[in-house]
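# Coordinate analysis (summary)
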Amino acid sequence: MKKEVRKKELIKIAYELFITKGYEKTSVDEIIAKAGIAKGTYYYHFESKEQMLEDVVNMMIDRCVERAKTVVESNLDLEEKLVYTILALRVTPDEQSVEDTINSKENIILHKKTNDRIINEAVPILSKIVREAKEIGLFNCDDNIEERVRMTLILSNEMFDHNEVTEANILVFIDTLEKIYGAKTGALSFISKLIKED
């Protein structure tokens, strides 16, 4: 148990350094110094700095999933829950530098693992919202809900991973989501305001 606590402490220290200095500019020696441990202790827990990055990313995903679950338990309308849950699964502005590191071509394997894990964690959470919306008649789609949610996540990643989103992109995105879920035209139009504020 003590070893697991120490490992979590090291991940938090690395997370803080990666956020403030950037992954590339943070050395293993800095992490060791800040933690006040011997080099052997570091390498007992992590084979490399790359493995530590993966553990930091997994911690970030855990936090995103917790935020998403909080949205699901909120009193928001179901349509809003769907959208805010997707937004909760995104990194915070402070974490953007870590996200940029994951998205670099040098980290293509970690990028795929990260996306796969987020989708696998998110599909059951979002599917619950869609089922509720379908039960009360807000959505009118068939029972392939998990696949519809998976497609929503893929579209959302594409939509939000690009800095420049045009008005036309937003309108087509909203129209596509309404069609995916069989929602009435305009039911998800509030997304436009959310994207513009983001």
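For clarity, every value in this text was computed on a predicted model and none was experimentally measured. (Residues numbered from 1 in each chain as written. Predicted model: local features only at pLDDT ≥ 70, side-chain atom pairs only at ≥ 80, totals over all residues. Heavy atoms only, no water.)

Turning our eyes to something else, we now look at the packing of helix H8 (residues 145-160) against helix H9 (residues 167-181). Interhelical geometry of H8 versus H9 gives an angle of 175° and a closest axis separation of 10 Å. The angle between the axes of H8 and H9 places the two elements in the roughly antiparallel class. Two secondary-structure elements touch here, H8 through Arg148, Val149, Met151, Thr152, Leu155, Ser156 and Met159 and H9 through Asn169, Ile170, Phe173, Thr176, Leu177, Lys179, Ile180 and Tyr181. Across the contact of H8 with H9, the residue classes tally to nine nonpolar, four polar and two charged. (Axes fitted to C-alpha atoms, helices over the stretch in contact; angles between N-to-C directions. Helix = DSSP H or I, 4+ residues; strand = E, 2+ residues; numbered from the N terminus. Parallel < 35°, antiparallel > 145°, perpendicular 65-115°, else oblique. Contact = heavy atoms within 4.5 Å. Nonpolar A, V, L, I, M, F, W, Y, C, P; charged D, E, K, R; others polar.)

So, about the side chain of Asn107. Along the chain, the position of Asn107 falls in the loop between helix H6 (96-103) and helix H7 (108-135). You can call Asn107 buried: its relative accessible area is 15%. What Asn107 contacts, discounting residues up to four positions off in sequence, is Leu53, Thr101 and Ile102. (Buried < 20%, exposed > 50% of the residue type's maximum accessible area, 1.4 Å probe, protein only.)

By the definition in use, this model includes 15 salt bridges. The residue Glu16 makes a salt bridge to Lys34 at a minimum N-O spacing of 4.0 Å. On the criterion of sequence distance, the pair formed by Glu16 in helix H1 (residues 2-21) and Lys34 in helix H2 (residues 28-35) is long-range, its members being 18 residues apart. Here Lys134 and Asp143 are joined by a salt bridge, their closest N and O atoms 2.6 Å apart. When its relative accessible area of 25% is taken as the criterion, Lys134 is described as partly exposed. (Salt bridge = Lys/Arg side-chain N within 4 Å of Asp/Glu carboxyl O.)

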